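Residue-level structure breakdown
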Amino acid sequence: MPLSGMPDLPKQYIGARPRPEWPNTSRGPFTVECCAIHGQTGRHLKSRARVAKQIEVPVTFVQVLADRQSVYMCCDFRLTDSLTGRVVDNNAHKLVNVVPVAGDTPIPMLIGATGLGSLGGLPVATWIARQVVNINLPTLDAALEHLKEKLEPELLQVPDPRQRRHTLVVAAIEGTHTRISLVSNFEQIVNGRVQRSGTTQDHVMVTGLRPSAPFYLTVGSSSVPAETKQSLRNLVANRAGSDTVLSRLAEVNVAASTTDTMVSAGCDTAALHAKGEGRSRPFFTDEQQGDFIPPAFEETLRQLKLQLNRAVDADGKPLPIRAQQIAQGWVSGSETSLKRQTVRDPDDADAWNNLGAQEASRRKFSEARQSFKRALEIDPNHVVARANLAKRTCQDLDDAAAAIGMYREILDTPGPPPASWILKEFADVLTSVGSAEARPHYERAAADPSYPLGRAALARYQAVHAGEAEAAAEAIALLLRELANPEPWVLALAAHVAIVQKDYESAMHRLQRACQGNPTDAKIWLAAGKMSLHLGDPSSASYYLRKAHKRGANPAQFEHAYGTSLLLSRKFQGAVRHLARAHRLAGGATPATP
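What counts and what doesn't
Residues numbered from 1 in each chain as written. Predicted model: local features only at pLDDT ≥ 70, side-chain atom pairs only at ≥ 80, totals over all residues. Heavy atoms only, no water. Helix = DSSP H or I, 4+ residues; strand = E, 2+ residues; numbered from the N terminus. Contact = heavy atoms within 4.5 Å. Pairing = 2+ DSSP bridges. Buried < 20%, exposed > 50% of the residue type's maximum accessible area, 1.4 Å probe, protein only. Phe/Tyr/Trp six-rings, centres within 6.5 Å; stacked < 30°, edge-to-face > 60°. Lys NZ or Arg CZ within 6 Å of the ring centre and 35° of its normal. 1 Å grid on protein atoms, 1.4 Å probe; cavity = no way out; pocket = protein on both sides within 12 Å on 5 of 7 lines; lining within 4 Å. Points joined across faces, edges and corners; volume = space filled by probe spheres on them. Nonpolar A, V, L, I, M, F, W, Y, C, P; charged D, E, K, R; others polar. Axes fitted to C-alpha atoms, helices over the stretch in contact; angles between N-to-C directions. Salt bridge = Lys/Arg side-chain N within 4 Å of Asp/Glu carboxyl O. Left-handed = near helix turned anticlockwise from the far one by under 90°. Parallel < 35°, antiparallel > 145°, perpendicular 65-115°, else oblique. Expected span 1.5 Å × (residues − 1). Polar contact = N/O pair within 3.5 Å; in protein donor to acceptor, adjacent residues only side chain to side chain.

So, about the environment of tryptophan 421. The topology assignment puts tryptophan 421 in helix α12 (residues 420–432). Distance from tryptophan 421 to tyrosine 451, taken between C-alpha atoms, is 7.9 Å for residues 30 residues apart in sequence. Excluding anything up to four places from it in sequence, tryptophan 421 contacts Val384, Ala387, Asn388 and Tyr451.

Okay, the pairing of strand β17 (residues 277–283) next. Sheet topology note: the strand β16 (residues 267–273)/β17 ladder contains 7 bridges and is antiparallel. What sits directly across from leucine 272, in β17, is glycine 278. In this structure, the hairpin formed by β16 and β17 is closed by a connection of 3 residues, where glycine 276 is found at a positive phi of approximately 100 degrees. The pairing of β17 with strand β19 (residues 326–329) spans 4 bridges and is classified as antiparallel.

Excluding glycine, most residues fall at negative phi; most peptide bonds, likewise, are trans. Its identity as a non-glycine residue notwithstanding, arginine 239 has a phi of 60 degrees, on the positive side. Along the polypeptide, arginine 239 turns up in the loop between α4 (226–237) and α5 (242–257). Under the relative-accessibility criterion, arginine 239 is labelled exposed at 70%. Phi is positive for arginine 363, which is not a glycine, with a value near 65 degrees. Examined against the element boundaries, arginine 363 turns out to sit in the loop between α8 (349–361) and α9 (365–378).

Moving on, we get to the packing of aromatic side chains. A full pass over the atoms with the stated rule returns 9 aromatic pairs. Centroid distance tryptophan 525 to tyrosine 543: 6.1 Å. Interplanar angle 75 degrees. Geometry classified as edge-to-face. Of this pair, tryptophan 525 sits in helix α18 (residues 522–534) while tyrosine 543 sits in helix α19 (residues 538–550), and the two are 18 residues apart along the sequence. Taking the relative accessible area as the measure of exposure, tyrosine 543 reaches 38% and is therefore partly exposed. Note that arginine 322 overlies the ring of phenylalanine 284, its terminal NZ or CZ placed 4.0 Å from the centroid. In this arrangement the basic side chain of lysine 547 is found over the ring face of tryptophan 525, its NZ or CZ atom lying 5.9 Å from the centre.

Here the focus is the environment of glutamate 425. Considering the arrangement of structural elements, one finds glutamate 425 in helix α12. Once residues within four sequence positions are removed from consideration, glutamate 425 is found in contact with Lys391 and Tyr407.

Looking now at the layout of surface pockets. The probe, sized like a water molecule, is rolled over the atoms to show the empty space still left. Quantified by volume, the second largest pocket comes out at close to 600 Å³. Mapped by element, the contributors of at least two residues to the lining of the second largest pocket are β3 (70–76), α4, β17 and β19. Top element by residues in the lining of the second largest pocket is β17. It accounts for 3 residues. Looking at the lining of the second largest pocket, its residues break down into 8 nonpolar, 8 polar and 8 charged.

Taken across its 5 residues, strand β15 (residues 215–219) has 4 buried, putting it largely inside the fold. In this structure, strand β2 (residues 62–66) lies alongside β15, joined through 5 bridges in antiparallel fashion. By the bridge assignment, valine 64 is partnered in β15 with leucine 217.

Each strand in a sheet pairs with its neighbour through backbone hydrogen bonds, running either in the same direction (parallel) or in the opposite one (antiparallel). Read across the open sheet, the 5 strands follow the order β6-β7-β10-β11-β14; overall the sheet is antiparallel. The open sheet has two edge strands, β6 (95–98) and β14 (205–209), and neither has a second partner. Looking at each pair of strands side by side, their axes are set apart by 20 degrees on average, direction ignored. As defined by bridge partners, strand β11 (residues 177–184) adjoins β14 across 5 bridges and the pair is classed as antiparallel. Note on β14: the bridge partner recorded for leucine 182 is threonine 207. Running at roughly 15 degrees to β11, helix α3 (residues 140–156) makes contact with β7 (109–114), β10 (167–174), β11 and β14 of the sheet.

All told, the structure shown has 23 salt bridges when counted by the stated rule. Across the salt bridge formed by aspartate 202 and arginine 164, the nearest N and O atoms sit 3.6 Å from each other. Placement of the pair is aspartate 202 in the loop between β13 (193–196) and β14 and arginine 164 in the loop between α3 and β10, with a sequence separation of 38 residues. The exposed category is assigned to aspartate 202, whose relative accessible area is 57%.

Attention now moves to the packing of helix α11 (residues 400–412) against α12. Where α11 contacts α12, the two axes come as close as 10 Å, and the packing angle between them is 145 degrees. In this structure, α11 crosses over α12, and the sense of that crossing is left-handed. Contact with α11, carried on its side by Ala400, Ala403, Ile404, Tyr407, Arg408, Ile410 and Leu411, involves Ile422, Leu423, Glu425, Phe426, Val429, Leu430 and Ser432 of α12 and no other residues of that element. Its residues assigned to classes, the contact of α11 with α12 shows 11 nonpolar, 1 polar and 2 charged.

Let us look at the packing of helix α16 (residues 488–500) against α18. The interhelical angle for the contact between α16 and α18, taken along N-to-C directions, is 30 degrees, at an axis separation of 11 Å. By the angle between their axes, α16 is roughly parallel relative to α18. Relative to α18, α16 is oriented so that their crossing is left-handed. Only Lys523, Ile524 and Met531 of α18 make contact with α16, whose side of the interface consists of Pro488, Trp489, Ala492 and Ile499.

So, about α8. The end-to-end C-alpha separation of α8 is 19 Å, in line with the 18 Å expected for 13 residues at 1.5 Å each. Burial analysis of α8 places 10 of its 13 residues in the buried class, the great majority of the element. Taken together, the buried positions of α8 are occupied by Ala349, Ala351, Trp352, Asn353, Asn354, Leu355, Gly356, Gln358, Glu359 and Ala360. Buried-residue contacts for α8 involve α7 (335–344), α9 and α10 (383–397). For α8, the side-chain oxygen to backbone nitrogen distance between the N-cap and aspartate 350 is 3.0 Å, and the N-cap itself is aspartate 348. The positive-phi residue at the C-terminal boundary of α8 is arginine 363, with phi of around 65 degrees.

Here is the structure:
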């Protein structure tokens, strides 16, 4: 039975997700980095006299909990035929998690919806995902205006004005401050409260607020007791962890499901923080047994022309592909906004660490070290800041001994064991000074199944420093077979192993792929240039080396390699100039090959 008040949904959207025929490239079960939304129809109204009464009770239950620098959202899963009360889908997404991937000022957003179940002939979740995924909008106002412009003509296509009411709930981190907005043709935020009109408008309104204190808002068919609202606000005020807050929102959703048949006990939750981190987690019931692939992630796959390849059980039956729990992080492209955050909260160690990471990415190494030191003054047990400072101390000041001391302090810090990337970087520094202690740290990093770079680093160590080239080559071959799309540094380390095996063609191929995968990493371009020299191709070497130079490669190493490429190209005058410069930069010694 089609959903009332909206175009018929294609059959594949009723209880199943469409699977376009794209190349199989990834294997499930799969954990994704986006959440998504599916909409729900408005109530079917039999007479105009009932409009004002019914419209006060929209059917989708969306919770928003926020303060000045954090925001949480929770949406239930159920898609219901509002005319008959029949459940159409218990895996319906109603939450879009927009993860910033580009732009100078990333805008993380959570988008929930209430109203129509489809827009433009698509499930509303898919429609929203197509409006926001991989679109670089410079400001939040621009994003809201974009949604408004796209939503208005779609709503006007619905002939019955009683059924065309629709609201997008947008919670975002703008710079370092939370902002909550409604994009709606019948609801608006006035003086911190949601006001609903008895009739829909022909235009869409954008209203919102910036919470300066703990704030809780609901859009949907279930009321929440006042004491529950206050307990949720208290959680935020007391800075409870994300997992605690998300679990509590899920409990409120479950309670709502016992009083309203249009709300499922299962729900999807997500959090964003101005510090540059986020988390999302679905809470399933026994009714949610199928796929859980967020439309935002599906849209990304569609644009990349990729499809997930399902894993199978012992009987050969395909397994569902389901998002479980996702953690994400980002560093704002705006150094100004990060500095503003440290001014607003000068005792926030995370803010100083994030600022240091941003400064390091812009090659402001001295400023980065000072920011990491400030984070450690505030919180001496801040493991990430100490690891970042250790790396900068080794690379910028050439003080491996001091860096090793910092890494040892991390190992002695109370709490969970350090992350695999920290163990790998510690092992890299130990290797640079010829310490055999590096191997056990590489092995610990390699034991993490979610960190393939650890396995690649161990293989490189085996090939280059332990005389185990054949074992290393086998390990790399197995790793590359397992990874559908290896990250650039896995390929770069795999190239090192191939070089030891004297398989120079494979090494060059891997470095070329690494350059394509990470076009901003100077070290990878420098390695590709040196490999081209080894293969007797000075023209290609010059190309790679110029790219490395523009990206900030080690000056002495660049000058030496580039001078050599000019020499092999019989450009003697330029070769002499660059080789002489390399000699001076290296203090009279020949620059070492990394």
